[in-house]
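What the coordinates show
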Amino acid sequence: MGRVHGIETGYLNMVRVTLAIAVVLGVLAVGGAILWYALAHMATAGTHSPSDYFESPAWGSIRHRVLPTFPEQRAPDGSRSPAGQNEAPSQSPIDKRIARIADNLNAQFSRNAGDETGFTDRYPRRLLEAWVFDESGIPGTYLADYTDRLIAVSETIGKDQQINRIGSIDDRARVIMEALDAFRLAFLAQLEQAESRAAGANAAAAAKRAEAAQRSVYLGLGGLGLLVSLVLIVVLLRIEVHLRNQVHLQTLAGGRTADVSGQIEG
């Protein structure tokens, strides 16, 4: 009888250890699921802006689109208007950034006496302002950055020696304007690429978050399922022990009753 009791005790101890290990594993699974989701969410949190991937085109990267196709010398065709003739009167002042751009581009005509404002004579500052702010097609979010970069590019264009060698004042001004338009198109192309890359990065981050959430749910459900199963096992074991104790008590009670009856009959 003692050997049977020892086997039962060892069996129960083994069951207790197994249950304890299973409980620890279940808790670790649930905690790991929560931690995994939190870390994955933190790692992919935030959105990617196109400005993170945008690189403004440099004059050197678009210069070949404008200059090689134009002759260096052409006689003036007499279409130039007198200085300031095309400047439309307006009550509002010209934006200072536009004035800087115009001054940078007029530098190409500094060697031509009487034509120092050769660019703004043909493309007045008011017209240039409307072209930059209203007709460029640049989204409003990037318009300020576009204007600032246009100032730097206009300074480079104003110092370009190949443009300066164009003899015709009109052709020189036209080349400058086409150079500005080439920069605008390159800027829009770079911006479109940046927006595409930012959208791809945001989609990838969202996919990672969704994948992490899915795995966390599976891991968490597995841990909870294990804990629930352990609770049921423990309940069943306690029921079994309770029933065995009841049977044992009933057996003892029956034995005592028989002993008492035997003593009375004796």
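These figures come from a predicted structure and were not determined experimentally.

1. Structural notes on the overall build of the protein chain
Scanning the protein chain from terminus to terminus reveals eight helices and zero strands. Buried residues in the protein chain amount to 30% of all 266 residues. Counted over contacts in the protein chain with a minimum sequence separation of 6, partners at least 24 positions apart contribute 85%. Accessible surface, the protein chain as shown: approximately 16500 Å² in total, 61% of it carbon and sulfur.

2. Here we look at helix 3 (residues 96-106)
Turning to helix 3, its buried residues are I98, I101, A102, N104, L105 and N106. Between a side-chain oxygen at the N-terminus of helix 3 and the backbone nitrogen of R97 the separation is 2.8 Å; the capping residue is D95.

3. Focus on the packing of aromatic side chains
Each aromatic ring pair is specified by the distance between its two centres and by the angle formed by the two planes. Scanning the entire structure with this criterion turns up four aromatic pairs. An angle of 50° between the planes, with centres 6.0 Å apart, marks the rings of F183 and F187 as tilted. With F183 and F187 both in helix 8 (residues 169-265), this residue pair falls four residues apart, about one helical turn. Given the relative accessible area of 0%, F183 is considered buried. What links up through ring pairs into an aromatic cluster is the set Y146, F183 and F187.

4. Topic: the side chain of R122
Its place among the elements puts R122 in helix 4 (residues 118-122). A polar atom in the side chain of R122 sits 2.4 Å from the side chain of D170.

5. Description of the nonpolar core
Grouped together as the largest cluster of nonpolar side chains are 29 residues, with contacts concentrated most on F119, L128, W131, Y146, L150, I157 and L180. Within the residue set of this core, elements represented by two or more residues are helix 3, helix 5 (125-133), helix 6 (140-158) and helix 8. It is helix 8 that provides the largest number of residues to this core, a total of 10 residues. Discounting chain neighbours no more than four positions away, the residues touching L128 are I98, I101, A102, F119 and L180.

6. Examining the confidence of the model for the protein chain
Here the protein chain averages 75 in pLDDT, and 68% of its residues register 70 or above. The secondary structure element of the protein chain with the lowest average pLDDT is helix 2 (residues 59-66), at 63, and the one with the highest is helix 3, at 93.

7. Section: the pattern of salt bridges
Throughout the structure, instances matching the rule amount to nine salt bridges. Across the pair R97 and D95 runs a salt bridge, and its minimum N-O distance is 3.1 Å. The partner of E155 in a salt bridge is K159, and the shortest N-O contact between them spans 3.5 Å. By relative accessible area, K159 is classed as exposed at 57%. Taken together, the shared-partner salt bridges connect D171, R174 and E178 into one network.

8. Details of a nonpolar patch on the surface
Nonpolar side chains collect at one region of the surface, where V17, I21, V24, L25, L28 and L226 lie side by side and expose about 540 Å² of accessible area between them. Looking at which element gives the most residues to the nonpolar patch, the answer is helix 1 (residues 2-43), with five residues. Note that L25 resides in helix 1.

Reading the values: rules and limits
Residues numbered from 1 in each chain as written. Predicted model: local features only at pLDDT ≥ 70, side-chain atom pairs only at ≥ 80, totals over all residues. Heavy atoms only, no water. Helix = DSSP H or I, 4+ residues; strand = E, 2+ residues; numbered from the N terminus. Buried < 20%, exposed > 50% of the residue type's maximum accessible area, 1.4 Å probe, protein only. Contact = heavy atoms within 4.5 Å. Areas by Shrake-Rupley, 256 points an atom, 1.4 Å probe, with all protein chains shown as cover. Polar contact = N/O pair within 3.5 Å; in protein donor to acceptor, adjacent residues only side chain to side chain. Phe/Tyr/Trp six-rings, centres within 6.5 Å; stacked < 30°, edge-to-face > 60°. Core = buried A, V, L, I, M, F, W, Y, C linked by side-chain atoms within 4.5 Å. pLDDT = per-residue confidence, 0-100. Salt bridge = Lys/Arg side-chain N within 4 Å of Asp/Glu carboxyl O. Patch = residues over 30% accessible without salt bridge, like charges linked within 9 Å, V, L, I, M, F, W, Y side chains within 5 Å.

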